[in-house]
Amino acid sequence: MNYAKWRLGTAAAAVIVIVAAAAIYLVVRADSSPELTLAAAEEEVLGQYSGEIVGSKPLGEGYAIQLRSTQGLYELTVEPAGIAAIRTLERYGIEEGGASPEPGSPEPSLSPPPTATPKPTPPPPASSPSTNPSILITEQKATELALGKIPGRVKDIDMEQEGGKWYYFVEIENKDGREADVQLNAASGKVVSVTWDDDDD
């Protein structure tokens, strides 16, 4: 009879230990931060800023999301708690013939600007330019944009880096036989310059 009581007591103790372990597991799991999904990170960015998401990659517990707006190309660091940092990869809207803005330090405030588009300052000069093809226009798109500026036949197209930015150079021969080199910003597609080859060269 003592043996039966001992078995019953041991079984009851085992059940209590299992229930307590399960309760502790559920409490710990409920206290941990929910895992951030890529869809949730993109929704967080688009909920605060207007533009198009052109790239993303995992970064620690969150994601680095690349956003293209009418003002530039930005990288936003999104963590489970929200947007933690914003940096400018490239600015658009520079006047023809004007110089590009000088790099500066990141904006201290992370609150959205009144226009609902990111306006942080460019990253320090030490950061390397992006060669991520998902944020650059294609050669085909560069060709279409160049032909929209100078109609003719494309003879050659190259992509080069100048001053930390990537540019397409499209060589076009027009109907008169003159050749023009059209320089386009490889991120925005904006025509930066048109240079005509002189017949005397």
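As a reminder, the structure under discussion sits directly above these lines.
In this text, all values refer to a predicted model and were calculated from it rather than measured experimentally. (Residues numbered from 1 in each chain as written. Predicted model: local features only at pLDDT ≥ 70, side-chain atom pairs only at ≥ 80, totals over all residues. Heavy atoms only, no water.)

*Asks:* Explain the overall build of the chain here, please?
*Replies:* Within the chain one finds three helices and eight strands. In the chain, which comprises 201 residues, the share counted as buried stands at 29%. Across the chain, contacts joining residues at least 24 apart in sequence account for 39% of those joining residues at least 6 apart. (Helix = DSSP H or I, 4+ residues; strand = E, 2+ residues; numbered from the N terminus. Buried < 20%, exposed > 50% of the residue type's maximum accessible area, 1.4 Å probe, protein only. Contact = heavy atoms within 4.5 Å.)

*Asks:* Sorry, what's going on with the pattern of salt bridges here?
*Replies:* Should the charged atoms of two oppositely charged side chains come close, the side chains can pair. Across all of its chains, the model carries three salt bridges by this definition. Note that Glu75 and Arg87 form a salt bridge whose closest N and O atoms lie 3.1 Å from each other. You can see Glu75 sitting in strand S3 (residues 72-79) and its partner Arg87 sitting in strand S4 (residues 82-91), a full 12 residues away along the chain. The exposure class assigned to Arg87 is partly exposed, which follows from its relative accessible area of 29%. (Salt bridge = Lys/Arg side-chain N within 4 Å of Asp/Glu carboxyl O.)

*Asks:* Is there a simple way to think about the sheet that holds strand S8 (residues 191-196) in this case?
*Replies:* Sheet strands pair by backbone hydrogen bonding; their relative direction is either parallel or antiparallel. Judged by pairing direction, the sheet is antiparallel, and its four strands sit side by side in the order S5-S6-S7-S8 without closing on themselves. Strands with a single pairing partner mark the edges of an open sheet, and in this sheet they are strand S5 (153-162) and S8. Taken pair by pair, the neighbouring strands of this sheet meet at an average axis angle of 20 degrees, ignoring direction. Note: strand S6 (residues 165-173) against strand S7 (residues 179-185), seven bridges, orientation antiparallel. Directly across from Phe169, in S7, lies its bridge partner Gln183. (Pairing = 2+ DSSP bridges. Axes fitted to C-alpha atoms, helices over the stretch in contact; angles between N-to-C directions.)

*Asks:* Hey, could you run me through the sheet that holds strand S2 (residues 62-68) in this one?
*Replies:* Taking strand neighbours across the sheet as the criterion, the four strands line up as S1-S2-S3-S4 in an open arrangement whose pairing is antiparallel. Either end of the sheet is taken by a strand with one partner, and the two such strands are strand S1 (52-59) and S4. When the angles between neighbouring strand axes are averaged without regard to direction, this sheet yields 20 degrees. Alignment of S3 against S4, held across eight bridges, turns out to be antiparallel. Its bridge partner lying in S4, Thr77 is registered against Ala85. Against the sheet, helix H2 (residues 38-48) touches S1, S2, S3 and S4, its axis set at about 45 degrees to S2.

*Asks:* How should I be thinking about the pairing of S5 in this particular structure?
*Replies:* As judged from the nine bridges shared by S5 and S6, these two strands associate in the antiparallel manner. Bridge pairing in S6 places Glu160 opposite Tyr167.

*Asks:* Sorry if this is basic, but what is going on with the side chain of Arg68 here?
*Replies:* Tracing the backbone through its elements, the reader meets Arg68 in strand S2. At a separation of 3.2 Å, a polar atom in the side chain of Arg68 contacts the main-chain carbonyl oxygen of Ala187. Once you skip the residues sitting within four places of it in the chain, Arg68 turns out to touch Gly51, Glu52, Val54, Leu73, Tyr92, Ile135, Leu136 and Ala187. (Polar contact = N/O pair within 3.5 Å; in protein donor to acceptor, adjacent residues only side chain to side chain.)

*Asks:* Explanation requested: helix H3 (residues 139-149) in the structure shown.
*Replies:* Because an α-helix packs 3.6 residues into every turn, residues spaced three or four apart end up facing the same way. Regarding H3, the residues found buried are Ala142, Thr143 and Ala146. Viewed along the axis of H3, the buried residues span an arc of 100 degrees, placing them on a single side of the element. Exposed and oriented more than 90 degrees from the buried face of H3 are Gln140 and Gly148. (Arc of directions from axis to C-beta.)

The values reported here are purely geometric and, on their own, carry no functional implication.
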